Structure formats: structure tokens, C-alpha cells
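# An overview of the molecular structure
The primary structure of each chain is shown beneath.
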Amino acid sequence: MITQILIQQTLIMFLLMLLGLLLSRLGMLTEQGSRDLSNILLYAVIPCVVLRSYITAFSMEKLYALGFSALLAVVAIAVAILVSFFSFGMRDRIENFGAAFGNAGFIGIPLVTAVFGGEAAFYVVAFASLVNLMQWTYGIVIISGRRDTINVKKIVLNPVFLSMLAGLVLFFTGVTLPVIVDQSLSLIAASNTPLAMLVLGYYLSQIKLRELFCGARLYAVVALRLLVIPLLTIAAFLPLPFARGEIAMITLVAASTPVATSTGMFAQKFGGDYRRAVAYACASTVLSIPAIPLVILIAEHFLA
């Protein structure tokens, strides 16, 4: 059942991405437009998704589950970082970054909520927030080769991190928002998937077909991100007694997402090959359509 819903959802996301590509080809979605949509996603939509996920009645059961999801997120991200570093080290910086960090925010959250329901975002947020934190610390060092590029202010003032803190306050205090505010948050949060896919569609339109599916390094990055790392994550979960059921599957979906779109952003910012980074993100997004359901199908035999 989970695999079937995942296949349907990934196909829907692929169609939305094709719409973004078409709009770009027709000149209706420009580079500036894609940047604006990315800013809307980062500073408005995803924070609303995060905040909305924490508007739920407090219970010790949910608190324990949240703690378990955070622990599993640490394990999954550690597996990804170690595998990527041993595979590429500091010689292939963009490949290291791309394999290590998945698109947990733009793709992981929509997939999880589609499969497990809106409340499931409550558990995947820990993963997305930790990925974001690692990108702005470890990730920046990897892709730039310099420790002095770490920006503590950007980490602390990151909108995902701030919205998570605000959400935790609402969760622990039991404060309820006015109906109008709550419904407004829900409407904004619902735009996460279509806007994110339109942006990816624009990126896809900027890559030539031979760049998208050619080159050994591209397939190495995609294979690590979509297959090797998720399968090793399943193996890492097996000895953990609490790594079973819905929480484990939610974390695994987030850990199986394609190369983060931020790979291109960081590559461009620190003088890397922006087009190569975008090719990794686009190719892995397209190939994630069969890969993610396959990984989850395997995981159902061990973690469900």
C-alpha cells in the first residue's frame, strides 16, 4: 500500500516538474522567477509546513515518537555523510555534497505527508532541520574547502530552524492559533509540492539531455544517493529496537530523496560547477520515481 501511494505521488511530482520545464521553454518561467519561487518556498511555504505540523495536541506518546524520529534522523544523516565522504572525499566536492544531502524539504515533506498524512510532517521536520543545519556547517566546508565559510548567523536565523522552534513552543504549551490563522497556514503549506516542482522543472530546462544522463560521476552520485545510502540506512536501522513501523518508514523516505537543489546554489556561491550540480539534482529527481518506491518496498520487509 505504501509503495503504491509513493509511485502515484512521485509520478504526480514528475508531471508538475514537466509543467515547470514547459513554462520555462515558453518563456513564462524565467531565471528570476525561479529564484523568486525558491525564496517564497524557503522563507514562507516550508516554515508554514513546519509550523503547521506542530499544531497538534501534546502527549507523551508523541513526544517519545518525536525523540525517536530525531535519533533515526541522526543515524540516517550520519550514514549519508560517511558513505559520501569515503566515496568522494575532498577531491570531488560537489559530488560529496550532492550524495550526502537529499531534498528532504522540497520533496521529502510532500512525499511523507502524501503517504502518511499531514501529521507525519511532525516527524520528518527533525530530519529536514538537521539536514539544513549540516549543509550550512559541514556541507559548506566540504564544497568550499574552507572552515571560515561557516556562518553561524545564517544557521540560527534559518527560517526552517526558527519555525521548528516556534512549532515546538506551540506543541509543548498547547497554545492554539485562531481558525483564520490556522487555515491560512494550511493553504500556504499546501503550495509546497507544486512550487518546488516548478522550480525543479526550470532547472531541468537549463540542462541538455546529454548532460543529464551522461558521465560516470553522475551515475555514481545518483546511485549512492538513491540506492546505496538508503539501503545502508535500512541496515543501520535493523539493530535499533525502536527503528520499526511508521516512524522508521517516514525517516527512510526522507533519507531516500534525490540530490538537494541547494547543491547547485552552494556550488554557484563557492565557485563550483553550477551546471554539473544542477544536472545531479535533476537526474536524481527523475530517477527517484522508480528508486524511492523500490527502496520502501524493500524496507517494508524489514522495518514495517
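Look up a bit, the structure's there.
Residues numbered from 1 in each chain as written. Predicted model: local features only at pLDDT ≥ 70, side-chain atom pairs only at ≥ 80, totals over all residues. Heavy atoms only, no water.

Turning our attention to the overall build of the protein chain. Helix and strand counts for the protein chain come out as 15 helices and zero strands. Computed over its C-alpha atoms, the radius of gyration of the protein chain comes to 18 Å, within 12% of the 19 Å expected for a compact globule of 304 residues. Based on the C-alpha atoms only, the size of the protein chain along its principal axes is roughly 50 × 45 × 45 Å. Here the protein chain, with 304 residues, has 53% of them falling under the buried criterion. Partitioning the intrachain contacts of the protein chain with sequence separation of at least 6 by distance along the chain shows that 85% fall at a separation of at least 24. Charge-centre separation for the protein chain: the mean point of 18 positive side chains lies 9 Å from the mean point of 12 negative side chains. (Helix = DSSP H or I, 4+ residues; strand = E, 2+ residues; numbered from the N terminus. Rg over C-alpha atoms; globule rule 2.2 N^0.38 Å. Buried < 20%, exposed > 50% of the residue type's maximum accessible area, 1.4 Å probe, protein only. Contact = heavy atoms within 4.5 Å. Lys, Arg positive; Asp, Glu negative; His and termini not counted. Charge placed at Lys NZ, Arg CZ, Asp CG, Glu CD.)

When we look at a pair of aromatic rings, we describe it by the centre distance and by the angle of the planes. This model, assessed by the stated rule, comprises seven aromatic pairs. The rings of F58, F171 and F172 are connected pair by pair, giving a single aromatic cluster. (Phe/Tyr/Trp six-rings, centres within 6.5 Å; stacked < 30°, edge-to-face > 60°.)

The contact between helix α4 (residues 93-100) and helix α6 (residues 121-144) brings their axes to 7 Å, and the two run at 155 degrees. Accordingly, the angle class assigned to the pair α4 and α6 is roughly antiparallel. On the side of α4, the interface is formed by R93, I94, N96 and F97, while α6 contributes Q135, Y138, G139, V141, I142, I143 and S144. Looking at the contact of α4 with α6 residue by residue, the class counts come to six nonpolar, four polar and one charged. (Axes fitted to C-alpha atoms, helices over the stretch in contact; angles between N-to-C directions. Parallel < 35°, antiparallel > 145°, perpendicular 65-115°, else oblique. Nonpolar A, V, L, I, M, F, W, Y, C, P; charged D, E, K, R; others polar.)

A cluster of nonpolar side chains, L227, V228, L231, L232, L238, L294, L297, I298 and F302, forms an exposed patch at the surface whose accessible area comes to about 690 Å². Of all the secondary structure elements, the ones that give two or more residues to the nonpolar patch are α12 (216-237) and α15 (274-300). Among the elements that take part in the nonpolar patch, α12 stands out by supplying four residues, more than any other. Its location among the elements puts L294 in helix α15. Under the relative-accessibility criterion, L294 is labelled partly exposed at 43%. (Patch = residues over 30% accessible without salt bridge, like charges linked within 9 Å, V, L, I, M, F, W, Y side chains within 5 Å. Areas by Shrake-Rupley, 256 points an atom, 1.4 Å probe, with all protein chains shown as cover. Salt bridge = Lys/Arg side-chain N within 4 Å of Asp/Glu carboxyl O.)

Moving on to the nonpolar core. Membership of the largest hydrophobic core comes to 96 residues, with the highest contact counts inside it found for Y54, F116, F127 and L303. If one sorts the elements of this core by residue count, α15 sits on top with 13 residues. Residues within four places of Y54 in sequence aside, it is in contact with L66, F122, V125, M164, G167, L168 and F171. (Core = buried A, V, L, I, M, F, W, Y, C linked by side-chain atoms within 4.5 Å.)

Extensive coverage of α4 is indicated by the burial of seven of its eight residues. Those residues of α4 that fall on the buried side of the exposure criterion are I94, E95, N96, F97, G98, A99 and A100. Elements in contact with the buried residues of α4: α3 (60-88), α6, α12, α14 (262-269) and α15.

The next point concerns the environment of G139. For G139, the position within the fold is in helix α6. G139 gets classed as buried once you look at its relative accessible area, which sits at 0%. In sequence terms G139 and A100 are 39 residues apart; their C-alpha atoms lie 8.6 Å from each other. Once residues lying within four places of it in the same chain are set aside, the contact partners of G139 are F97, F101 and M134.

No statement about biological role is implied by the geometric values presented.
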